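Residues per chain, in single letters:
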Amino acid sequence: MDFSIQFDTPVAPERGVVMGFGVFDGVHHGHRLIMHHVCEMGDSIKALPAAVTFVPHPRQLLSGAEAPGLLISVEER
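Residues numbered from 1 in each chain as written. Predicted model: local features only at pLDDT ≥ 70, side-chain atom pairs only at ≥ 80, totals over all residues. Heavy atoms only, no water.

(A) How the structure looks around the side chain of histidine 57. Checked against the element boundaries, histidine 57 lands in the loop between β2 (48-52) and α2 (58-63). From its side chain, histidine 57 meets the backbone nitrogen of arginine 59 in a polar contact 3.0 Å long. The residues contacting histidine 57, other than those within four sequence positions of it, are Val23, Ala67 and Pro68. (Helix = DSSP H or I, 4+ residues; strand = E, 2+ residues; numbered from the N terminus. Polar contact = N/O pair within 3.5 Å; in protein donor to acceptor, adjacent residues only side chain to side chain. Contact = heavy atoms within 4.5 Å.)

(B) How the structure looks around the pairing of β2. Across five bridges, strand β1 (residues 17-21) lies against β2 in parallel orientation. Bridging from a neighbouring strand, methionine 19 pairs with alanine 50 of β2. In terms of handedness, the path from β1 via helix α1 (residues 29-44) over to β2 forms a crossover that is right-handed. (Pairing = 2+ DSSP bridges. Right-handed = clockwise from strand over helix to strand, strands pointing away.)

(C) Unusual backbone geometry, seen in detail. In this model, valine 55 is joined to proline 56 through a cis peptide bond whose omega is 5°. Of note, proline 56 is situated in the loop between β2 and α2. Even without a glycine there, the phi angle at lysine 46 is positive, about 60°. With respect to the helices, strands and loops of the structure, lysine 46 is situated in the loop between α1 and β2.

Take a look at the structure:
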């Protein structure tokens, strides 16, 4: 299992990070709303907004159940 963390933007140690967690498989209205709030919170405290996504899907990892079909690939996220 890979628990690596990748940042598209370098994080300066003096800045905080506000994170939104989700599968984010296809960015529907609910996902956009989450990321909007993450960005607003980040702006309000001068922190970097970030999204944390999961591979494999949490359902598969936690219960061994088959993960739902993905709308977009991990690379497209």
